[in-house]
Amino acid sequence: MPTPRIRNALVLGGGFAGTLAAYVLSPVADTVTVVDRDRFADEPTDRKGTPHARHTHALVSGGARALDDLMPGLIDSLLAKGAQRIGLPDRYLALTPYGWFHRRPGTQYIIGSSRRLLEWTIRSRLPHGDQLRFIEATDVLGLTGSSTAVTGARCRDRATGEVIELSADFVVDTTGRSSQALDWLTELGLPPVHQVTVDPGIFYTTRIFRAPDEATQDFPAVNIQANPALTTRSRRSGVLIPIEDGQWTVTLSGAPGSQPTLDEEGQRAFAASLPDPTIAKLIAAAEPLGPAFGFRAHANRRRYFERLPQWPRGLVVLGDAYATFNPVYGHGLTVAARAAIALRDGLAQHGADGTQQIQQSIAAAADDAWTMATTQDLRFPQTDCPRPGRAARLQYAFQDWLGRKAMNNPTIAEAQIDVFTLSAPATNLLRPSILLKALRTPHKDGLNTPPFSNEELRVLEPTPS
């Protein structure tokens, strides 16, 4: 029996998650209306309402495959526009607390792309015509309906102040980190939603560089991770990702008391103070393209809507409105893509009345990323959260043991990368075959220096004056 069509679908928020939601709803809804506080340009650009969009965004392969599932051929379109496919670990040089990873071929990757190119490429897949309309420069004030069914939203035009009520029989909240869904639901008579916050206090800066002429088209990404055992460094880390147009996006991050500054001299000094000076040497050889931008990263925050004993028909919450993650791990885009698949599949299976089941699937799509981010952040003393107990410390000891084994065993390393890219569940690391290999692998650190090729090392050499 075919699923009944949705007459009027309403998407609150037109960013990355909102665009995916609108795309999913278009085949099953007569009309789809997207409300956003910004205005959308006719070209790739950074929007005022998404200040974090200027910063480095890594789309891990689990998310890339999810986007291709939703929009076949999307990743090929991104690559044709200049985005970079960066294989792990052959084109991704990572310094972990246990040393540098060896370079070897692998099945996982990340996509290096600016956020504006990614969003523009996705938005270009939306249908044209009267079925889809955008209401721009408009704030969402609240939901309409009751505790049993949401029937639309109240919105206010930013220019005129006019308040309008938009009716819909299916509403998706993708208003991002600033979502007021907790208040909206209590206003409808629902009980408070349980919320958990784990705040690492991260501040980060990003600057775009023109790659030096010596850098080849397939020059590797570099990721220098903070070591939780070295508390004196106050969680300093940095990442350099090749993106479109021969550019590098470089993000430096630190916790309170050890934060990067926006001035060029301060950035260079901060990069040089990382556990390895490689990024400092690379940006010294590159050409800055514009100023650095700073951003206070929002905390890991999750709202457990799926735990409410009653959930209203006609409403789902996804993207950052549901959960936000420390951007250091690069999982936010992938979780949003997986949530869009949960929305698509849930509508096909349960229809528009199955919002409770859909919300539960959206929650499941975030579980692994949430566990990875919060577990790792809790290892750092700067994180604002109750300190982990003995069970967590035993878990950390196991992570360190397995992480050090991965330095010298490609099978273990590949399993870890599968989990990191959200291509496999975290439980894969507990498979007997992985544990047996770990027991048989020597317990020693990885490489002491980044494994650049001789050609790549030329980029790090100072240019003669």
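Our subject is the structure that appears above.
Caption draft 1: Main features of the sheet that holds strand S8 (residues 132-135). Reading across from one edge, S8-S2-S1-S12-S21 is the order of the five strands in this open sheet, with parallel pairing throughout. Two strands lie at the open edges of the sheet, namely S8 and strand S21 (315-317), each paired on one side alone. Averaged over all neighbouring strand pairs, the angle between strand axes comes to 15 degrees, with direction disregarded. Contacting strand S1 (6-12), strand S2 (29-35), S8 and strand S12 (170-173), helix H1 (residues 16-25) crosses the sheet at an angle of about 175 degrees to S1.

Caption draft 2: Quick look at the side chain of Gln 247. Checked against the element boundaries, Gln 247 lands in strand S17 (residues 247-254). Take Gln 247: its relative accessible area is 12%, and that puts it in the buried class.

Caption draft 3: Highlighting helix H11 (residues 410-420). When H11 is considered as a whole, its buried residues turn out to be Ile 412, Ala 413, Ala 415, Gln 416, Ile 417, Asp 418 and Val 419. Of the surrounding elements, those touching the buried residues of H11 are strand S4 (84-88), strand S7 (108-112), helix H9 (355-377), helix H10 (390-406) and helix H12 (432-440). The distance from a side-chain oxygen at the start of H11 to the backbone nitrogen of Thr 411 is 3.0 Å, and the residue carrying that oxygen is Asn 409. Taken from the residues just after H11, Leu 422 is the one with a positive phi, measuring 55 degrees.

Caption draft 4: Structural detail: the packing of aromatic side chains. Evaluation of the coordinates by the stated rule reveals eight aromatic pairs. Between the NZ or CZ atom of Arg 85 and the centre of the ring of Tyr 109, over which it lies, the distance is 4.0 Å. One residue, Arg 235, lies across the ring of Phe 380, its end atom 4.0 Å from the ring centre.

Conventions used here
- Residues numbered from 1 in each chain as written.
- Predicted model: local features only at pLDDT ≥ 70, side-chain atom pairs only at ≥ 80, totals over all residues.
- Heavy atoms only, no water.
- Pairing = 2+ DSSP bridges.
- Helix = DSSP H or I, 4+ residues; strand = E, 2+ residues; numbered from the N terminus.
- Axes fitted to C-alpha atoms, helices over the stretch in contact; angles between N-to-C directions.
- Contact = heavy atoms within 4.5 Å.
- Buried < 20%, exposed > 50% of the residue type's maximum accessible area, 1.4 Å probe, protein only.
- Polar contact = N/O pair within 3.5 Å; in protein donor to acceptor, adjacent residues only side chain to side chain.
- Phe/Tyr/Trp six-rings, centres within 6.5 Å; stacked < 30°, edge-to-face > 60°.
- Lys NZ or Arg CZ within 6 Å of the ring centre and 35° of its normal.

In short, shape yes, function no, at least from these values alone.
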